[in-house]
Amino acid sequence: MANKLRERTVISGVGCSRFGDLLETPELKGLSIQELTAGAVKEALDDAGLTGQDVDAVFAGNAMVHSSQVPGTYSQLSKWTGTQFKAGVHFEAQCSTTNVGAALAAMSVAAGVYDTVLVYGLETTRTMVKGYSPYEREPISHQQTWLWTDMAVNQAYGVPQGYDIFSTYNGLVALGYCRKYGMSIEDFDRGMFELCRTRRLHGSMNRKANIQEKLEDRAAREGFSDAFDYWRSDKHNPFVAWPSRLLSLVTTADGASAMVITRADLAKGGKSQPVELKGFGISYSDLPWYGEDPTFWEFDKRAIDAAFDMAGIRASDIDYLHTHDCSHISGICTAETIGYLEPGKGLAAAREGRLRFDGDRPMSTHGGRHAFGHAWGASAGTDTYEAVLQMRGQAGARQIAKRPEISVIHTHGYAMIGTVVVLGSI
Amino acid sequence: MQTVAEQPSAIRRYYEGLAEGVFRAIRCQACGKHTFPPTGCCEHCGSWKVEPVELSGEGTLLFATHNIFPACHPRFEKIAPYVYGHIRLKEGPIVQAIVLGVQATPADLGRLFERGPVPVTAEALPMDDLPVLAFRIHD
């Protein structure tokens, strides 16, 4: 396997909606899924200085068609995005969708098939079509969300026999981490609190985040003077898979993201500063996601190695990292596997504030899956969006002081496709 | 009217076996490793030369947590929250399944974690519509 891109490819434009709920979140309430998506696409095309008629192909991502009800997405969205008559496909890689789309786009550009590709992802994990209405939506129940989402998980033996994302992704990984590194459950809990606090801080600095309230402010609103007491409250933060708590998890969201991938030479002198897509790695597996050691996931390691090889980088080159953090402890394990954090020291790094935007190991400065929120097929694009903003120096109050020159984005597409994208400044 | 013969399904055979306390797997004739639960080829080397085998049901529980409440799947509403574990089978495969013999409370799971790995034995947990693989902790 050559594992090389034959042409330099760049991201020349990025876009992202606010994440939240189409029934109640400011800036989203009342929007249709078509308008939600079109907003993200318009932002990306404007950022690149293009219209929909300037792209050669459209890769349209959507994972949970049960709630969105827009299969044939390229066609149904074409008149909302100005892309009619282009080549197009609807694809999904679950929660890695948009970054797998970026990889597919980079391949097609580097192969000389297309010059410019628009990739977008849309998802509604909070709301679904109401009845047969073309514009009215209603909430999705917790159980319905997971029944639909878990259709991406082993339907022969896993889900029918009691598989539960919270156990497999959180509790068992947490216990593996504690045993491997001799960490007490109490120390683990404190570390997870600090990690959540960091993600909520980042969310509070991001107008597009689902949750924009600091953990301390939420605790105070609930009558707690000590935020850690709030954290340990069974009422507000119960164990969902002991020793993992509710606030260490994803929060569901409706949302959309988009990006424009083009040849490096075509982006020169463009409207916005392009960022090079230097490499990617993709590797998938079925349950169980790990062997005896729940902290080490073979498919992630393979995706990381492939991406680093293609990009020609080492872990020490990384200035900014996002790892998939539907489960906060899994995200820490991945960062340690990547080599960005020292094995067994990730939670200590969180406690020391090193993972904040102003720390020496900044991670997930948009707020991650918990604070920014998670709209399955759209989320990887928001991770890339944030990395591009950071690399351009456009992240506002949460800007990393020294602009990242190398960013790495890791995502997990259920269940599971490990996807790693390496971005480099030009 | 012509009778159409039903084709064999590894999934159906697995659950039918489970109902009788038989734990079906396949063993690869190329690399010798097991795939459990069974598919039609080896999950390790990709060979299609596999043979059906029955596993002992003996294993070691490495870690145990609990599921979320209420359950994500209607099948498990009646028993949630239940204990869910990470198990190494005697024949080698790693499997995750419901664990019996411990309560789904932080205190009980904490004591189990402190004990470290413990031996377990597989059994079929009868649900309303399907037998489900479970592992019981030895006393």
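Residues numbered from 1 in each chain as written. Chains lettered and ligands numbered in written order. Predicted model: local features only at pLDDT ≥ 70, side-chain atom pairs only at ≥ 80, totals over all residues.

### Observations regarding the overall build of chain B
Here is step 1: The helix and strand inventory of chain B stands at 2 helices and 8 strands.
Here is step 2: When the elements of chain B are put in sequence order from the N terminus, they spell out α-β-β-β-β-β-β-α-β-β.
Here is step 3: Within the span of chain B, comprising 139 residues, buried residues form 35% of the whole.
Here is step 4: Counted over contacts in chain B with a minimum sequence separation of 6, partners at least 24 positions apart contribute 49%. (Helix = DSSP H or I, 4+ residues; strand = E, 2+ residues; numbered from the N terminus. Buried ≥ 20, exposed ≤ 12 C-beta atoms within 10 Å, placed from the backbone. Contact = placed C-beta atoms within 7 Å.)

### Observations concerning the overall build of chain A
Here is step 1: Helix and strand counts for chain A stand at 16 helices and 13 strands.
Here is step 2: In summary, chain A has a C-alpha radius of gyration of 20 Å against a globular reference of 22 Å for 426 residues, a match within 12%.
Here is step 3: The principal-axis extents of the C-alpha atoms in chain A amount to approximately 55 × 50 × 45 Å.
Here is step 4: The buried share of chain A, taken over its 426 residues, is 61%.
Here is step 5: Restricting to contacts in chain A with at least 6 residues of sequence separation, those with at least 24 account for 76%. (Rg over C-alpha atoms; globule rule 2.2 N^0.38 Å.)

### A few points about the packing of helix α12 (residues 298-311) of chain A against helix α13 (residues 328-338) of chain A
All names here are of chain A.
Here is step 1: At a closest axis distance of 10 Å, the pairing of α12 and α13 adopts a crossing angle of 45°. With respect to α13, the element α12 is oriented oblique. Two packed elements cross with a definite hand, and for α12 against α13 that hand is right-handed. Across from D300, K301 and I304 in α12, the residues of α13 making contact are T334, T337 and I338.
Here is step 2: Class assignment for the residues of the contact of α12 with α13 results in 2 nonpolar, 2 polar and 2 charged. (Axes fitted to C-alpha atoms, helices over the stretch in contact; angles between N-to-C directions. Parallel < 35°, antiparallel > 145°, perpendicular 65-115°, else oblique. Left-handed = near helix turned anticlockwise from the far one by under 90°. Nonpolar A, V, L, I, M, F, W, Y, C, P; charged D, E, K, R; others polar.)

### What to know about the sheet that holds strand β13 (residues 417-425) of chain A
Each strand in a sheet pairs with its neighbour through backbone hydrogen bonds, running either in the same direction (parallel) or in the opposite one (antiparallel).
Residues and elements named next belong to chain A.
Here is step 1: Strand order in the open sheet formed by 9 strands is β3-β2-β4-β9-β1-β10-β13-β12-β11, and the pairing between neighbours is mixed. Every other strand in the sheet has two partners, leaving β3 (87-91) and β11 (320-322) as the edge strands with one partner each. Averaged over all neighbouring strand pairs, the angle between strand axes comes to 25°, with direction disregarded.
Here is step 2: The strands touched by helix α5 (residues 97-110) within the sheet are β1 (9-16), β2 (57-61), β3, β4 (116-124), β9 (254-263), β10 (275-284), β12 (406-413) and β13, with β4 carrying the most contacts at an inclination of about 165°. (Pairing = 2+ DSSP bridges.)

### Let's talk about the packing of α5(A) against helix α16 (residues 376-392) of chain A
All names here are of chain A.
Here is step 1: Closest axis-to-axis distance for the α5/α16 pair is 5 Å, and the angle between their directions is 70°. It follows that α5 is roughly perpendicular to α16 by the angle criterion. Here T97, T98, N99 and A102 of α5 lie close against α16, whose contacting residues are G377, A378, A380, G381 and T384.
Here is step 2: Of the residues belonging to the contact of α5 with α16, the class tally is 3 nonpolar, 6 polar and no charged.

### Quick look at the interface of chain B and chain A
Here is step 1: Across the contact, 28 residues belong to chain B and 28 residues belong to chain A.
Here is step 2: If one sorts the elements of the side of chain B that touches chain A by residue count, strand β6 (residues 94-100) of chain B sits on top with 5 residues.
Here is step 3: Across the side of chain B that touches chain A, the residue classes break down as 20 nonpolar, 7 polar and 1 charged.

### Notes on the sheet that holds strand β5 (residues 83-89) of chain B
Here is step 1: One closed barrel accounts for 5 strands, arranged β4-β5-β6-β8-β7 (chain B); its pairing is mixed. On average, each strand axis in the sheet is inclined to that of its neighbour by 50°, with strand direction left out of account.
Here is step 2: Taken together, the 6 bridges between β5(B) and β6(B) define a ladder with antiparallel strand orientation. What sits directly across from H86(B), in β6(B), is Q96(B).
Here is step 3: Contacts between helix α7 (residues 165-181) of chain A and the sheet are confined to β4 (58-66), β5 and β6 of chain B, with β4(B) contributing the most and set at about 105° to the helix.

### Digging into the domain arrangement of chain B
Where interface size is quoted, it is often the accessible area lost as the parts come together.
Residues and elements named next belong to chain B.
Here is step 1: Entries for chain B in the domain assignment read domain 1 (8-55) and domain 2 (57-139).
Here is step 2: Using C-alpha coordinates to define each centre, domain 1 is positioned 22 Å away from domain 2.
Here is step 3: Opposite the 9 residues of domain 1 that make contact, domain 2 presents 12 residues. (Domains from an automatic or database assignment.)

### Here's the deal with the environment of L201(A)
Residue and element names in this part refer to chain A.
Here is step 1: With respect to the secondary-structure elements, L201 resides in helix α8 (residues 185-204).
Here is step 2: On the basis of neighbour counts, which here come to 21 C-beta atoms within 10 Å, the residue L201 falls in the buried class.
Here is step 3: A C-alpha to C-alpha distance of 9.4 Å links L201 and H366, two positions 165 residues apart in sequence.

### Examining helix α1 (residues 33-48) of chain A
Each full turn of the α-helix corresponds to 3.6 residues, which orients residues three or four apart in the same direction.
Residues and elements named next belong to chain A.
Here is step 1: Here α1 contains 16 residues, and its C-alpha end-to-end distance of 23 Å stays within 8% of the 22 Å for a straight helix at 1.5 Å per residue.
Here is step 2: Among the residues making up α1, those that are buried are I33, L36, T37, A38, G39, A40, V41, A44, L45, D47 and A48.
Here is step 3: Lining the buried residues of α1 we find β1, α2 (65-68), α4 (78-81), β4 and β9.
Here is step 4: Phi for G49, located one or two positions after α1, is positive at around 75°. (Expected span 1.5 Å × (residues − 1).)

### Digging into the nonpolar core
Here is step 1: Counting residues in each nonpolar core, the largest one holds 168 residues, and the members touching the most others are V119(A), V260(A), I261(A), A307(A), V421(A) and V422(A).
Here is step 2: The greatest single-element share of this core, amounting to 9 residues, is contributed by α7(A).
Here is step 3: Counting contributing residues, this core receives three or more from each of domain 1 (8-55) and domain 2 (57-139) of chain B.
Here is step 4: Apart from the residues within four sequence positions on either side, V421(A) is in contact with N99(A), A102(A), A103(A), L277(A), F280(A), A307(A), T384(A) and I409(A). (Core = buried A, V, L, I, M, F, W, Y, C linked by C-beta atoms within 7 Å.)

### Some details on the environment of R137(A)
Residue and element names in this part refer to chain A.
Here is step 1: Residue position: R137 is located in strand β6 (residues 137-139).
Here is step 2: What makes R137 buried here is the crowd of 21 C-beta atoms within 10 Å.
Here is step 3: In the structure, R137 is positioned 104 residues away from I33 in sequence and 9.7 Å away in space, judged by C-alpha atoms.
Here is step 4: In contact with R137, other than residues within four places in its own chain, are L22, L23, T127, M128, V129 and K130.

### Some points on unusual backbone geometry
All names here are of chain A.
Here is step 1: Of note, the amide linkage connecting L287 to P288 takes the cis form, showing an omega dihedral of -10°.
Here is step 2: Counting through the fold element by element, P288 comes out in the loop between β10 and α12.
Here is step 3: Omega for the peptide link from A415 to M416 comes to 10°, which places this bond in the cis form.
Here is step 4: Locating M416 in the fold gives a position in the loop between β12 and β13.
Here is step 5: Its identity as a non-glycine residue notwithstanding, F85 has a phi of 75°, on the positive side.
Here is step 6: Inspection of the secondary structure assignment puts F85 in the loop between α4 and β3.
Here is step 7: The exposure class of F85 is exposed, given the 8 C-beta atoms found within 10 Å.

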